[in-house]
Amino acid sequence: MTKPSLSQLISDPSCMDDYDPNSMPVDKARLFIKQFLEPVAETETLTLHASLGRVLAQDILSPANVPNYDNSAMDGYAFNAQSLNGQQLKVIGTAFAGKAFNGTVAADECVRIMTGAAMPEGTDTVAIQEKVLRDGDTITLSEIPKPQANVRYAGEDLKHGQCVLSAGHLLRPADLGLLASLGIPAIKAYRKLKVAFFSTGDELVAIGKPLATGQVYDSNRYTLFGMLSRLGVEMIDLGAIADDPQLLEHTLLNAAAQADVVITSGGVSVGEADYMKELLSKHGQVMFWKIAMKPGRPLAYGKIGKAHYFGLPGNPVAVMVTFYQFVREALLSMMGKAATPALPMFKVECTTPIKKLAGRTEFQRGILFTDDCGTWKVKPTGAQGSAILSSMSLANCFIVLDESVGNLDAGALVQVQLLDGII
Ligand code: AMP
Ligand code: MG
């Protein structure tokens, strides 16, 4: 795909042959957004405890061999397999993890050895204790291990100078342990991404106040708070803003001035009170799309000043679906993460028939469960309206039905994306 600028796309959508803002496929929208993203420039040094969920801004090279000495992988007896004459060996001492045996082991001798203990000089093999009969200071090998068995060699896990973690890697619990195992106390990471968000709509009421007819509680800011928390970004919650052009303008400019990313919900469809579109066109370069998907048809993406802007639909399920399908990976990429593919998908059997129109991608809320034989299967949560937020709470996955799929019979294979455990 060539890279037209945002303003070219907005002023002349036909500058790209197959670009149609009124029917934008999900994958294409994703690619469009991707080409305008850059990681934040600034980095900071963090201790290991502070670095969980952050993205490395440096390659980490192993400062040593891991392990850095040959050691036993099992509890047993260390001896030299080359000079073995029979099956009997004399025990001449003990080697503990952290307390080595300092002598040299001759032919027909062995050392009692614990897991992790350094291999004594003269030994190359460990017989596990279960395969040994001990009588006083003598052992008999009931089975002769292969030479070099049950030994972990220096550098077997990582070699000195080897790149262990690359810049762009998002640090998970295993990585903190790995860094600690290398004796590395601090790393350079990209700074936290700043994300400002607000809801729009005259009908929105803050929790804690009574609801009048025609009003709804502002739930989108809470799902957004939850999803953004998982990503570990710095959040600026600017509240629920009424459909008042001046208030919206002030809030939008305030958000764009202090954040890397601005996210709003509501006000990007074509309702009468949707002032957001006008403001966005006035102050930024924003593309408005009708995405060929359900839920989540209207979506806006662009820039307001230096800030990236995502205008999500107002409906509560649509907010979550568009966040997971577009915003999540965009934020990860701006956080510095090197590879930011969409959520992984795999195929399972759906036990219920599904009604679906071909021509758009649907993200139905699904429940993955195991049947009586222990096989994973999926079924939809029930009613799939884009305002039915309880469907998201019930679901543990999205059932992703792409554009080519129409009605499905029970037993059809469908693609699912896990919701549990994602960030
Ligand atoms: P809109 O996109 O502004 O036309 O809103 C579409 C629907 O989503 C309307 O029914 C709104 O009441 C609802 N909605 C918009 N914002 C929120 C919000 N923050 N919390 C809950 N529902 C919302
Ligand atoms: Mg609205």
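Summary of the structure given here. Model, not experiment: these values are computed from the prediction.

Basis of the calculations
- Residues numbered from 1 in each chain as written.
- Chains lettered and ligands numbered in written order.
- Predicted model: local features only at pLDDT ≥ 70, side-chain atom pairs only at ≥ 80, totals over all residues.
- Heavy atoms only, no water.
- Helix = DSSP H or I, 4+ residues; strand = E, 2+ residues; numbered from the N terminus.
- Rg over C-alpha atoms; globule rule 2.2 N^0.38 Å.
- Buried < 20%, exposed > 50% of the residue type's maximum accessible area, 1.4 Å probe, protein only.
- Contact = heavy atoms within 4.5 Å.
- Areas by Shrake-Rupley, 256 points an atom, 1.4 Å probe, with all protein chains shown as cover.
- Lys, Arg positive; Asp, Glu negative; His and termini not counted.
- Charge placed at Lys NZ, Arg CZ, Asp CG, Glu CD.
- Salt bridge = Lys/Arg side-chain N within 4 Å of Asp/Glu carboxyl O.
- Pairing = 2+ DSSP bridges.
- Axes fitted to C-alpha atoms, helices over the stretch in contact; angles between N-to-C directions.
- 1 Å grid on protein atoms, 1.4 Å probe; cavity = no way out; pocket = protein on both sides within 12 Å on 5 of 7 lines; lining within 4 Å.
- Points joined across faces, edges and corners; volume = space filled by probe spheres on them.
- Nonpolar A, V, L, I, M, F, W, Y, C, P; charged D, E, K, R; others polar.

1. A few points about the overall build of the protein
Check the secondary structure of the protein and you find eight helices and 26 strands. Scaling as 2.2 N^0.38, a compact globule of 423 residues should have a C-alpha radius of gyration of about 22 Å, whereas the protein reaches 30 Å, well beyond that. The C-alpha extent of the protein, read off along each of the three principal axes, is 95 × 50 × 50 Å. For the protein, the residues scored as buried account for 47% of the 423 residues in total. Partitioning the contacts of the protein with sequence separation of at least 6, the portion at a separation of at least 24 is 70%. Carbon and sulfur atoms provide 52% of the accessible area of the protein, an area that totals close to 20200 Å². When the 37 basic and 43 acidic side-chain charges of the protein are each reduced to a single mean position, those positions are 2 Å apart.

2. What to know about the pattern of salt bridges
If you walk through the whole model with that rule in mind, you get 14 salt bridges. Among the ionic pairs, K282 bridges to E249, the shortest N-O distance being 2.8 Å. Remark: E249 occurs in helix 5 (residues 245-258) and K282 occurs in helix 6 (residues 276-283); sequence separation between them is 33 residues. The class of E249 is buried, set by a relative accessible area of 19%. Where salt bridges share partners, they join D27, R30 and E329 into one cluster.

3. Structural notes on the side chain of R30
By the element assignment, R30 lies in helix 2 (residues 26-34). Judged by its relative accessible area of 16%, R30 is buried. With near-sequence residues (within four places) excluded, R30 lies in contact with Q325, F326, E329 and A342.

4. Comments concerning the sheet that holds strand 4 (residues 76-79)
One open sheet holds the six strands; their spatial order is 7-4-6-5-9-8, and the pairing between them is mixed. Each edge of the open sheet is held by one strand with a lone partner, namely strand 7 (125-128) and strand 8 (132-135). Strand after strand, the sheet turns through a mean of 40° between neighbouring axes, direction not considered. Pairing geometry for strand 5 (residues 88-95) and strand 9 (residues 138-141), over three bridges, is antiparallel. Residue pairing for strand 9: Q88 is matched across the bridge by T140.

5. What to know about the sheet that holds strand 13 (residues 194-200)
The six strands lie next to each other as 16-13-17-21-20-18, forming an open sheet whose pairing is mixed. Looking along the sheet, the strands with just one partner apiece sit at the ends: strand 16 (234-241) and strand 18 (285-290). Across the sheet, the axes of successive neighbouring strands diverge by a mean angle of 15°, strand direction being ignored. Of the strand pairs in this sheet, strand 20 (residues 298-304) and strand 21 (residues 307-312) are connected by five bridges, and their pairing is antiparallel. Each bridged residue has a counterpart across the sheet, and for K303 the counterpart in strand 21 is H308.

6. With respect to the layout of surface pockets
Estimated volume of the largest pocket: approximately 480 Å³. Forming the walls of the largest pocket are 25 residues, and the residues nearest its centre are L170, R172, R328, K337 and I423. The leading source of residues in the lining of the largest pocket is helix 7 (residues 316-334), at three residues. Across the lining of the largest pocket, the residue classes break down as 15 nonpolar, four polar and six charged.

Taken by themselves, the reported measurements are silent on function.
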